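Take a look at the letters that make up each chain.
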Amino acid sequence: MIRVILATFFVCCSLSTFGQQPIQDNLNQTLPSTEPITDEVHRLLESAEIEYERNFSKAKAQLSKVFQLLQTPTDSIGQQQLAKALVIQGVVLRREAKFPEAVASYLQAKSIYDSNGDAWNSSDVLHNIGMVYRYQNNHVKALEHYRKAIAIKLPLEDFHGVAAGYNMMGVSFRQSKELDSAKIYYDKARTLFQKLSSYDDVRRVNNNLVALFLNLKNYEEAERIALENLQHAKQHGKLYSLCVAYRNASNVYKGKKDYLQSLQYIDSSLIVAKNQQFRDLIAKGYLRRSYLFAKLNNYKKAYYEYRIFNRHSDSIFNIENVKKVQELELNYKFEQEKREMELIAAAEASQKWLYFVLLLVISGGGIVIGFLVYVNNKIKTKAYKAKLAQEQLQKELLDAKVRNTEEEANRLIADNTMRLVFKQELVEQLKSKLNQDTVEGLKKSLNSVLTELQLQISTEIKHSSLQNKITEANKGFDKLLREKYPKLSKTEREICALLRLNLSIKEIMTVRNASLDAVKSTRYRIRKKMGLKTGEELEKFIQNLR
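What comes next concerns the included structure.

Criteria and cut-off values
- Residues numbered from 1 in each chain as written.
- Predicted model: local features only at pLDDT ≥ 70, side-chain atom pairs only at ≥ 80, totals over all residues.
- Heavy atoms only, no water.
- Salt bridge = Lys/Arg side-chain N within 4 Å of Asp/Glu carboxyl O.
- Helix = DSSP H or I, 4+ residues; strand = E, 2+ residues; numbered from the N terminus.
- Buried < 20%, exposed > 50% of the residue type's maximum accessible area, 1.4 Å probe, protein only.
- Core = buried A, V, L, I, M, F, W, Y, C linked by side-chain atoms within 4.5 Å.
- Contact = heavy atoms within 4.5 Å.
- Expected span 1.5 Å × (residues − 1).
- Arc of directions from axis to C-beta.

Any two side chains of opposite charge can pair, on the condition that their charged atoms come close. Within this structure, the stated rule accounts for 28 salt bridges. In this structure, the salt-bridge partner of glutamate 228 is arginine 203, at a minimum N-O distance of 3.5 Å. A residue pair is termed long-range when its members are at least 10 positions apart, and glutamate 228 in helix H11 (residues 219–236) and arginine 203 in helix H10 (residues 199–215) qualify at 25 residues. Arginine 203 sits in the partly exposed class, given a relative accessible area of 25%. With a shortest N-O distance of 2.2 Å, arginine 289 and aspartate 267 are connected by a salt bridge. Of this pair, arginine 289 sits in helix H14 (residues 279–295) while aspartate 267 sits in helix H13 (residues 259–276), and the two are 22 residues apart along the sequence. Judged by relative accessible area, which is 12%, arginine 289 ranks as buried. Residue classification places aspartate 267 among the partly exposed residues on the basis of a relative accessible area of 27%.

Written out as structure tokens, the structure reads:
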């Protein structure tokens, strides 16, 4: 009965959980699917993701077409594709040094990923926002975003994303002049990429290692890696990587004070940067040319190049852009928190009536269960008391039976003692009567002895029944001994039964027809097997066993 009631109670609890499900659905809502995304949009996104490494103009044209095709998608697949397009657009804008626009695009994508519970891609967006802060030389914020992204990626086992985060952390530490930390994270990134057989990413780490070796003034290693990366970028037609590789080679020869060679490489970097509109690399290219011309004592050209750098730099690296980026992120966080609070408030308002009903159901169920438990306990208590009374009655009957048996045994033992005395007297009589001189006197003596022997036989018959009576009285006791002390032998249990009848050692010797030493030795073994301490009486211990 109780099990049925408890099952009913758990069903009520399950209903309460089911009733709360709309709250979770509201908090993790996904946009309804109305029509599938077209194959063309999928193809354009895949191509744009490849082309922003090679041909910026083509990648931007493909993204523009994707946004036209998607417009305002309402199905979940379309939303995911729109978010992907926004991330790719953010990368393009970041490489064009349009940092506020890039962050706006990233945050719009993150909003879609968060609403769909897509932690994997949402962590990628955090990584990309960190890169924007790195370009603005705000390495504290950059490292904060990389760590947040890695913390999400590790449980998801996105080890490629983790390695990318380590690589960018190495860049931020290097640019912050924390070279030991930079080396640690570059090594972590390269080890992970090698395990994943992602050799293009190993090259990216190597690109960053060029700058680290330059900081450490290890120009030979820096030159070797820079030229390897340059050759790899040319072979694979990756224009952004090629632009960075030319710049890294220029850095190497600048460090080696081969200014003409450095100028050649930075000119090659500028050509690619201008063609692809890599605005930050264009600005940095003119700054490098200004420095190199100054080192070559061409100060007029150096001044001219520096003015061009300023024009590009002012539109990229200015305080207003930094403020815009931070303001965009703060606004995004505020809107996210506001939206969550609104959803929670709406969900709580819509569920108040359910909580009230559930409270009534649980309260009523609790009262019913409490009453039934009380009744059940009362019945159990009554049954337990009846069982105790029955056991007590059985114990009293058993004790009475044992007492009667003990009395009879004691009586029989007393008779046996008397018989022993009689036997001794009989022997003495025989001795005296055998000394008779006449035959008649001898016959009379023998007849007298025969009469006495007949009486002795009757007494012996009584004595022989003593062992049977002892066995019958101690049937339950023998079972108790076998359960509690299984190591006791049959002889030891029989001696215990005689001790329980309060027989003395001499009486036990008579009943068992055993010597005093044998009885004492048996008692010693019994004490040892029962674990009795010195001073504990064996007879009392046995008589108290229940």
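Moving on: the nonpolar core. Tyr106, Tyr166, Met169 and Phe278 are the most contacted members of the largest nonpolar core, which totals 83 residues. Of all the elements, helix H4 (residues 76–95) adds the most residues to this core, at nine residues. The residues touching phenylalanine 278, leaving out its near neighbours within four places in the chain, are Phe56, Arg95, Leu239, Tyr240, Cys243, Val272 and Ala273. Listed in part, the 20 residues of the second largest apolar core include Leu480, Ile495, Val519 and Met530.

Every α-helical turn comprises 3.6 residues, leaving residues that sit three or four positions apart pointing alike. The terminal C-alpha atoms of helix H3 (residues 56–70), which comprises 15 residues, lie 21 Å apart, in line with the 21 Å expected from a rise of 1.5 Å per residue. Residues of H3 that are buried include every one of Phe56, Ala59, Gln62, Leu63, Val66 and Leu70, and no others. Projected down its long axis, H3 carries its buried residues within an arc of 125°, all on one side. In this structure, the buried side of H3 is in contact with helix H2 (39–51), H4 and H13. Among the residues trailing H3, glutamine 71 stands out with phi positive, at a value near 50°.

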